[in-house]
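Read off the chains here:
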Amino acid sequence: MGARAGCHLHVDPGRVSAPRPVTDVDLAETSLRDLNRMLHQARQGSFRVLNPRGAHAVACGIDTDITVEVRGSVGYYCAGMHQKGSVHVDGNASTGLAENIMSGTVRITGSATMSAGATGHGGLVVIEGNAGARCGISMKGVDIVVGGNVGHMSAFMAQAGNLVVLGDAGADLGDSIYEANLYVRGEVASLGADAIRKDMRPEHVRTLSGLLDSAGMDADPGDFKRYGTARSLYNFHIDDIDAEVAGRAG
Amino acid sequence: MCGIVGLFLKTERFQPRLGELTASMLHEMRDRGPDSAGFAIYDQGRAEVTRITVLAEGQRPDWSRTGANLETVLDAEVTVRPIRDHAVLETPGDGGRARQWLIDNFPELDVLSYGSQIEIYKAVGDPDLVAINYELRARSGTHALAHTRMATESAVTTNGSHPFATGADTCLVHNGSLSNYNWLRTRLERQGEIFQTENDSEVAAGYLAWRLREGDSIKEALERALVALDGFFTFAIGIENGFAILRDPIACKPAIVAETDDWVAMSSEYRSITHLPDSGHASVWEPAPGVIYTWTRAA
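Structure report, in brief. (Residues numbered from 1 in each chain as written. Chains lettered and ligands numbered in written order. Predicted model: local features only at pLDDT ≥ 70, side-chain atom pairs only at ≥ 80, totals over all residues. Heavy atoms only, no water.)

**Here we look at the overall build of chain A**
Reasoning step 1: The number of helices and strands found in chain A is four helices and eleven strands.
Reasoning step 2: Counting over 250 residues, chain A shows a buried share of 50%.
Reasoning step 3: Looking at chain A as shown, the accessible area adds up to about 10,800 Å², and 50% of this sits on carbon and sulfur atoms. (Helix = DSSP H or I, 4+ residues; strand = E, 2+ residues; numbered from the N terminus. Buried < 20%, exposed > 50% of the residue type's maximum accessible area, 1.4 Å probe, protein only. Areas by Shrake-Rupley, 256 points an atom, 1.4 Å probe, with all protein chains shown as cover.)

**Description of the pattern of salt bridges**
Pairing of side chains with opposite charge becomes possible as their charged atoms draw close.
Residue and element names in this part refer to chain B.
Reasoning step 1: Under the counting rule described, the total for this entry stands at 27 salt bridges over all chains.
Reasoning step 2: The residue E259 makes a salt bridge to K10 at a minimum N-O spacing of 2.7 Å. Of this pair, E259 sits in strand β13 (residues 256–259) while K10 sits in the loop between β1 (2–9) and α1 (18–28), and the two are 249 residues apart along the sequence.
Reasoning step 3: For E259, a relative accessible area of 21% translates into the label partly exposed.
Reasoning step 4: In this structure, D216 engages R224 in a salt bridge whose closest nitrogen and oxygen atoms are separated by 2.8 Å.
Reasoning step 5: A residue is classified by how much of its surface remains accessible, and D216, at 10% relative accessible area, is buried.
Reasoning step 6: Within the structure, one salt-bridge network assembled from shared partners comprises D43, R51, R81, E90, E119 and R139. (Salt bridge = Lys/Arg side-chain N within 4 Å of Asp/Glu carboxyl O.)

**Topic: empty space enclosed by the protein**
Residues and elements named next belong to chain B.
Reasoning step 1: Under the defined criterion, the tally for this structure stands at three cavities of 30 Å³ or more.
Reasoning step 2: Roughly 90 Å³ of internal volume is contained in the largest cavity.
Reasoning step 3: Around the largest cavity, the lining residues are D110, V111, L112, K122, N159, P163, F164, A165, Q196, T197 and E202.
Reasoning step 4: At the level of secondary structure, the elements contributing two or more residues to the lining of the largest cavity comprise β6 (110–115) and β9 (164–167).
Reasoning step 5: Top element by residues in the lining of the largest cavity is β6. It accounts for three residues.
Reasoning step 6: Partitioning the lining of the largest cavity into residue classes produces five nonpolar, three polar and three charged. (1 Å grid on protein atoms, 1.4 Å probe; cavity = no way out; pocket = protein on both sides within 12 Å on 5 of 7 lines; lining within 4 Å. Points joined across faces, edges and corners; volume = space filled by probe spheres on them. Nonpolar A, V, L, I, M, F, W, Y, C, P; charged D, E, K, R; others polar.)

**What about the pairing of strand β11 (residues 231–239) of chain B?**
Residue and element names in this part refer to chain B.
Reasoning step 1: Of all nine residues making up β11, seven are buried, and the element is well covered by its neighbours.
Reasoning step 2: The pairing of strand β10 (residues 170–178) with β11 spans eight bridges and is antiparallel. Among the inter-strand pairings, V173 is bridged to a residue of β11, identified as A236.
Reasoning step 3: From the end of β11 to the start of strand β12 (residues 242–247), which pair antiparallel, there are two residues. (Pairing = 2+ DSSP bridges.)

**Side note on the sheet that holds strand β8 (residues 143–149) of chain B**
Residue and element names in this part refer to chain B.
Reasoning step 1: In space, the seven strands of this open sheet follow the order β7-β2-β8-β1-β14-β13-β15, with antiparallel pairing throughout. Two strands close off the open sheet at either side, each with one partner strand: β7 (118–124) and β15 (283–285). Geometrically, the sheet is characterised by an average inter-axis angle of 10° between neighbouring strands, direction not taken into account.
Reasoning step 2: Relative to β8, β1 runs antiparallel, the two sharing seven bridges. Looking at the pairing, L7 lines up with A144 of β8. (Axes fitted to C-alpha atoms, helices over the stretch in contact; angles between N-to-C directions.)

**Brief notes about helix α7 (residues 218–228) of chain B**
All names here are of chain B.
Reasoning step 1: Buried within α7 we find I218, A221, L222, A225 and A228. Within α7, the buried residues cover an arc of 120° as seen down the axis, which keeps them to one side.
Reasoning step 2: In this structure, the buried residues of α7 make contact with α5 (181–190), α6 (200–213), β11, β12 and β16 (293–296). (Arc of directions from axis to C-beta. Contact = heavy atoms within 4.5 Å.)

**Quick word on the interface of chain A and chain B**
Reasoning step 1: Facing 13 residues of chain A, the contacting portion of chain B comprises 18 residues.
Reasoning step 2: Roughly 1,100 Å² is buried in total at the junction of chain A and chain B, and carbon and sulfur atoms are behind 53% of that figure.
Reasoning step 3: Broken down residue by residue, the surface that chain A buries against chain B is led by R53(A), Y76(A) and M114(A), which jointly contribute 39%.
Reasoning step 4: Put simply, chain A and chain B have zero salt bridges between them.
Reasoning step 5: Counting across the interface, chain A meets chain B through five residue pairs in polar contact (both at pLDDT 80 or more).
Reasoning step 6: For the side of chain A that touches chain B, the class distribution of residues is three nonpolar, eight polar and two charged. (Buried area = accessible area lost by both parts, 1.4 Å probe. Polar contact = N/O pair within 3.5 Å; in protein donor to acceptor, adjacent residues only side chain to side chain.)

**A word on the nonpolar core**
Reasoning step 1: V68(A), V87(A), L97(A), I127(A) and L163(A) are the most contacted members of the largest nonpolar core, which has 47 residues in total.
Reasoning step 2: The biggest single contributor to this core is strand β7 (residues 140–146) of chain A, with three residues.
Reasoning step 3: In contact with V87(A), other than residues within four places in its own chain, are A59(A), I62(A), V68(A), V70(A), A79(A), H82(A), T105(A), V106(A) and R107(A).
Reasoning step 4: Membership of the second largest hydrophobic core comes to 31 residues, among which are M25(B), I41(B), Y121(B) and A265(B). (Core = buried A, V, L, I, M, F, W, Y, C linked by side-chain atoms within 4.5 Å.)

**Describing the sheet that holds strand β4 (residues 79–83) of chain B**
Strand-to-strand pairing in sheets goes through backbone hydrogen bonds, with the strands running parallel or antiparallel.
Residue and element names in this part refer to chain B.
Reasoning step 1: An order of β4-β5-β3-β6 is seen for the four strands of this open sheet, with the pairing classed as antiparallel. Two strands lie at the open edges of the sheet, namely β4 and β6, each paired on one side alone. Across the sheet, the axes of successive neighbouring strands diverge by a mean angle of 20°, strand direction being ignored.
Reasoning step 2: Where β4 meets strand β5 (residues 86–91), five bridges bridge the pair, whose relative direction is antiparallel. Considered in β5, the bridge of R81 is made with V88.
Reasoning step 3: Across the face of the sheet, helix α2 (residues 63–74) comes into contact with β3 (50–55), β4 and β5 while running at roughly 30° to β5.
Reasoning step 4: Against the sheet, helix α3 (residues 95–105) engages β3, β5 and β6, with an angle of about 175° to β6.

**Describing unusual backbone geometry**
Reasoning step 1: For the bond running from H162(B) to P163(B), omega is 0°, close enough to zero to count as cis.
Reasoning step 2: Relative to the helices and strands, P163(B) resides in the loop between β8 and β9.
Reasoning step 3: The phi angle at M81(A) is positive, at roughly 55°, despite the residue not being glycine.
Reasoning step 4: Among the structural elements, M81(A) can be located in the loop between β3 (67–71) and β4 (86–90).

**Brief notes about the environment of T11(B)**
Residues and elements named next belong to chain B.
Reasoning step 1: Here T11 is to be found in the loop between β1 and α1.
Reasoning step 2: On the basis of relative accessible area, T11 is assigned to the partly exposed category, the value being 27%.
Reasoning step 3: As for T11 and T142, which are separated by 131 residues in sequence, their C-alpha atoms are 8.4 Å apart.
Reasoning step 4: Among the polar contacts listed, one links the side chain of T11 to the side chain of D262, at a separation of 2.7 Å.

**Comments concerning the packing of aromatic side chains**
All names here are of chain B.
Reasoning step 1: Across all of its chains, the model carries eleven aromatic pairs over all chains by this definition.
Reasoning step 2: Ring plane angle 10° and centroid distance 6.1 Å describe the contact between F8 and F243, whose orientation is recorded as stacked. With F8 in strand β1 and F243 in strand β12, the pair connects residues that are 235 residues apart, well separated along the chain. We note that F8, like F243, is buried.
Reasoning step 3: An aromatic cluster is built from F8, F243, W285, Y293 and W295, whose rings are joined through pairwise contacts. (Phe/Tyr/Trp six-rings, centres within 6.5 Å; stacked < 30°, edge-to-face > 60°.)

Below, the structure written as structure tokens:
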């Protein structure tokens, strides 16, 4: 498949021809609030964040087509509620990376701890290293590509989107999953309730191939297994509809 | 929410700076627990001398009389070193016996720790002030643990502050909450453990102290703890010559570890680690759920 993209900054090809100056923001001198205000007010442009030193909420709430590169590791909720633009972290991220991402791209070169990409509605999250527990918990349409392993309870109650894992998955993968496709190249410690292995049909190979390309990951879609929902939990049973409707009426 | 940090020095290189480095880690965890704080310092004391750290919160005890009485009980010399509302009692006598005698006869005192290596200090208020008041930055040593507390289930008091220690040179800081600690405390009391608070984390410390006293290694004790303790926890644990980390199998409570050739550091958040020397080249990883990590120093 596509060669692994060497570039660390995710920039649309159309913009490379007209390079814009990069605005440096040093968190050793600038407050986090000032940084995020600057990013929220920008309509376009590129920013480089220096000395994050594990700060929380770096580049949170971006909703324009800007490019942010963070040099160093970040704390909790980096690029939370992200839309449209791209955030690239050259380091690790703690809890809640790209939580509730709506669109755009978030990429980190290192590993993420718990709940990466949680509740994401859209966009692409790329973690080149490992992701910890509950990666993609309650994902609602986001695509997440993890170069290494994911921890236990990943894609718990996943509703839509794709989780791609080039390494192994921890225990209870896809527990209580509604929809969403989980592609794992390595071992799965165990599947959660109502999660099953499924066939890789041509459309899945195409989707996976596109995601690996977008993420710049050099891997063969043929090496992956697909997992998803068995749709056998009570909420999938039409018999329970009457009780549900009656409950709401009451 | 609470903040916990631990720093274990694998080489002698940074031993003179242990307190300073621990204080910088503690400082970063202020936001997670502005109500109270505490720290344990292990400093290569003489094996034949037991130190007992005692807290007399809001009191002006007659330390010299307490020391003299303890000399009679232990039939051994006792020296007293007061530090604000704490005092460190030093004796070649039986430390466990001294702890029990102090608890039995001075219910108004809190015996925070005993052992040949450990001292524990804790107080209500800004964690930075706690570090300043008890002179953390000046301390040298081999390893240290510290805790910042945001009280959610009980009052802001000093005796709800961590670290907790019930056994010799064994202490623990905890982020989380245990659910079966009442039952477990009763069971441990039958085994001879003495508790001084109603706190769940003290029971976890007592459990480890009991298992170590029964001859378990720290790894064996923690393997049993994974079965015996029900609840949420990220623990950092200090023993005489070692350091350990354990998270419950669900692992809701955060933890990050960084390690170089000279040190291993654990914290609730990565930002505590960024100030440590050479942290830019440290190996950084998240401890896996239900996995026991230990580091020991050759005696």
